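# Close look at the chain arrangement
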Amino acid sequence: MAKYKISFDRELCIGVLACAGVAEKFYKTHPDGKVDLIGGTFNAKTKRWELIIDEKDLDVNKMAAEVCPVIAIIIEKLD
Ligand code: SF4
């Protein structure tokens, strides 16, 4: 089954919460008003939070990426 990587730039996030509205299993509100990528790990090189997901979770995360007004969520297919 194909794997995908969510890459989330928390610096860009302005806390609209649109992502959490469509993918609550993956994005949760943080007390600072932004969201956290649930289960994500911070990549110090890219300064982005990353999470590997299965194909079954792709559609909901694609939707989250599409509704984000600042394009803080990027999804790429892994080989
Ligand atoms: S939709 Fe984008 S800006 Fe809004 S909370 Fe989610 S990641 Fe942040």
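As a starting point, this report considers the structure included with it. (Residues numbered from 1 in each chain as written. Predicted model: local features only at pLDDT ≥ 70, side-chain atom pairs only at ≥ 80, totals over all residues. Heavy atoms only, no water.)

## Digging into a nonpolar patch on the surface
Judged by side-chain polarity, Val 22, Met 63 and Val 67 come together as a nonpolar surface patch covering roughly 210 Å² of accessible area. Its location among the elements puts Val 67 in helix H2 (residues 58-67). (Patch = residues over 30% accessible without salt bridge, like charges linked within 9 Å, V, L, I, M, F, W, Y side chains within 5 Å. Areas by Shrake-Rupley, 256 points an atom, 1.4 Å probe, with all protein chains shown as cover. Salt bridge = Lys/Arg side-chain N within 4 Å of Asp/Glu carboxyl O. Helix = DSSP H or I, 4+ residues; strand = E, 2+ residues; numbered from the N terminus.)

## Some remarks on the pattern of salt bridges
For the structure shown, the criterion picks out 8 salt bridges. Across the pair Arg 10 and Asp 32 runs a salt bridge whose closest N-O atoms are separated by 3.0 Å. Note that Arg 10 is positioned in the loop between strand S1 (3-8) and helix H1 (18-22) and Asp 32 in the loop between strand S2 (27-29) and strand S3 (35-37), a separation of 22 residues in sequence. Residue classification places Arg 10 among the buried positions, given a relative accessible area of 16%. (Buried < 20%, exposed > 50% of the residue type's maximum accessible area, 1.4 Å probe, protein only.)

## Considering the side chain of Asn 61
Here Asn 61 lies in helix H2. Judged by its relative accessible area of 0%, Asn 61 is buried. Among the polar contacts made by the side chain of Asn 61, one reaches the side chain of Tyr 27 at a distance of 2.9 Å. Here Asn 61 is in contact with Ile 6, Phe 26, Tyr 27, Ile 53 and Ile 75, once residues within four sequence places are set aside. (Polar contact = N/O pair within 3.5 Å; in protein donor to acceptor, adjacent residues only side chain to side chain. Contact = heavy atoms within 4.5 Å.)

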